[in-house]
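# Secondary and tertiary structure notes
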Amino acid sequence: MRILVVEDARSLADVLAEGLRDQGMAVDIAHDGVAAVAKLDLNPYDVIVLDRDLPGIHGDTLCQMITEREDRAMVLMLTAAGSPGDRVSGLTLGADDYLAKPFHFPELILRVRALARRRPTARARTLRGAGIELDPARRTATRDGRQLDLSVKEFALLEALLQASPDYLSTENLLEQVWDENTNPFTNTVTVTIGRLRRKLGKPAIITTSHGVGYRIADPADHSDS
């Protein structure tokens, strides 16, 4: 899941990004509306955490711009104004949810996950394939009924592969979906994390590699690559 945090208060933006990354999400940050538009033109996002009072392009205008996009992200609007009238006006602009500051961070996490599930292109809540069952909401994953003890990144990587299955995801795709824009594109972190995930999944192997193409989840009986 890839998130864009648009917040001009840099300390709050950093706290939000760190907390969301701790939940296995890939997070980018924009500190004003102009920077946010530039990132939206470059990357696909599942959810945008949007401060309403932004410099450059106001949050209200940015929200309307997001809702007009063909493959739009879901919008969680943040604001210090929390009256019923403010919430109604924010939702009228096209925001999918509204959270007044100060807020309880676990509630923000729940709202972000709920919005991602509501996105029109979102997949089923429980992902299944090749003996794997993964529940993003409960943060649980099993293989053939055996509980898997996965790190945050391993879980997010497995989730991305299951969502794409039976298609391949390239290293670049995985860096975009599981990590974020701050990750060195020449890093071997995908290869290393894939290796750890394979070991935890056990035998027979279900993550296959096609050199020059990428990785995918495949039933062991259907393996034709290595």
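Residues numbered from 1 in each chain as written. Predicted model: local features only at pLDDT ≥ 70, side-chain atom pairs only at ≥ 80, totals over all residues. Heavy atoms only, no water.

### Description of the overall build of the protein chain
Threshold: Numbering goes from the N terminus for both helices and strands, where a helix is a DSSP run of H or I of at least four residues and a strand is a run of E of at least two. Radius of gyration means the value over C-alpha atoms here, while the globule rule gives 2.2 Å times the residue count to the 0.38 power. Partly exposed describes any residue whose relative accessible area lies between the buried limit of under 20% and the exposed limit of over 50%, with all areas from a 1.4 Å probe on protein chains only and scaled to the type maximum. For this analysis, residues touch if any pair of their heavy atoms sits within 4.5 Å. Computed with a 1.4 Å probe, the accessible areas rest on the Shrake-Rupley method; for each residue, only the protein chains presented here act as cover. The convention is simple: Lys and Arg are positive, Asp and Glu are negative, and His and the chain ends are not counted. Charged side chains are reduced to one point each, which is NZ for Lys, CZ for Arg, CG for Asp and CD for Glu.
Each helix and strand counted, the protein chain has eight helices and 11 strands in total. Computed over the C-alpha atoms, the radius of gyration of the protein chain is 19 Å, within 12% of the 17 Å expected from 2.2 N^0.38 for a compact globule of 226 residues. Once the C-alpha set of the protein chain is aligned to its principal axes, its extents read approximately 55 × 35 × 30 Å. Evaluated residue by residue, the protein chain yields a buried proportion of 46% over its 226 residues. A separation of at least 24 residues holds for 56% of the contacts in the protein chain among residues at least 6 apart in sequence. About 11,000 Å² of surface is accessible on the protein chain, with carbon and sulfur atoms providing 51% of the total. For the protein chain, the centre of its 28 positive side-chain charges and the centre of its 33 negative side-chain charges are spaced 6 Å apart.

### Side note on the domain arrangement of the protein chain
This is how the line gets drawn: Residue ranges assigned to each domain were obtained from an automatic or database domain assignment. Joining two parts hides part of their accessible area as seen by a 1.4 Å probe, and the buried area is that hidden amount summed over both. One side-chain nitrogen of Lys or Arg within 4 Å of one carboxyl oxygen of Asp or Glu is enough to make a salt bridge. Here a polar contact means two N or O atoms within 3.5 Å. Within protein one must be a hydrogen donor candidate and the other an acceptor candidate, and residues neighboring in sequence count only if both atoms are side-chain atoms. Amino acids outside the nonpolar list (Ala, Val, Leu, Ile, Met, Phe, Trp, Tyr, Cys, Pro) and the charged list (Asp, Glu, Lys, Arg) are all regarded as polar, and Gly is one of them.
In terms of domains, the protein chain is made up of domain 1 (2-118) and domain 2 (127-217). In this assembly, 14 residues from domain 1 lie in contact with 13 residues from domain 2. Together domain 1 and domain 2 conceal approximately 950 Å² of surface at their shared face, both sides included; 38% is due to carbon and sulfur atoms. At the boundary of domain 1 with domain 2, the tally comes to zero salt bridges. Linking domain 1 with domain 2 are two residue pairs in polar contact (both at pLDDT 80 or more), by the criterion used here. Those elements giving two or more residues to the side of domain 1 that touches domain 2 turn out to be α1 (10-22), β2 (26-30) and α5 (105-118). Per-element accounting of the side of domain 1 that touches domain 2 gives the leading share, four residues, to β2. Across the side of domain 1 that touches domain 2, the residue classes tally to four nonpolar, three polar and seven charged.

### Points about the pattern of salt bridges
One pass over the full model with this rule turns up 14 salt bridges. In this structure, the salt-bridge partner of Lys101 is Glu7, at a minimum N-O distance of 3.0 Å. In this pair, Lys101 is assigned in the loop between β5 (97-100) and α5 and Glu7 in the loop between β1 (2-6) and α1, connecting sequence segments 94 residues apart. The exposure class assigned to Glu7 is buried, which follows from its relative accessible area of 2%. Through salt bridges that share partners, Glu7, Asp51 and Lys101 make up one connected network.

### Comments concerning the environment of Met74
By secondary structure assignment, the location of Met74 is in strand β4 (residues 74-79). If near-sequence neighbours (up to four positions away) are discounted, Met74 is found in contact with Asp46, Val47, Ile48, Asp96, Leu115, Arg118, Arg119 and Pro120.

### Comments concerning the packing of helix α6 (residues 152-164) against helix α7 (residues 171-178)
Heads up, the rule is: Fitting a line to C-alpha atoms yields each axis, with helices limited to the stretch in contact; the angle taken between N-to-C directions then spans 0 to 180 degrees. When describing relative orientation, an angle under 35 degrees is termed roughly parallel and one over 145 degrees roughly antiparallel, while 65 to 115 degrees is termed roughly perpendicular and anything else oblique. The sense of a crossing depends on the near helix, which, turned anticlockwise from the far helix by less than a right angle, makes the crossing left-handed and, turned clockwise, makes it right-handed.
For the pair α6 and α7, interaxial distance at closest approach is 10 Å and the crossing angle is 120 degrees. Between α6 and α7, the angle is such that the two are oblique. You can see that α6 and α7 cross each other, and the crossing is right-handed. Here Lys153, Ala156, Leu157, Ala160 and Leu161 of α6 lie close against α7, whose contacting residues are Leu174, Gln177 and Val178. Taken together, the residues that form the contact of α6 with α7 break down as six nonpolar, one polar and one charged.

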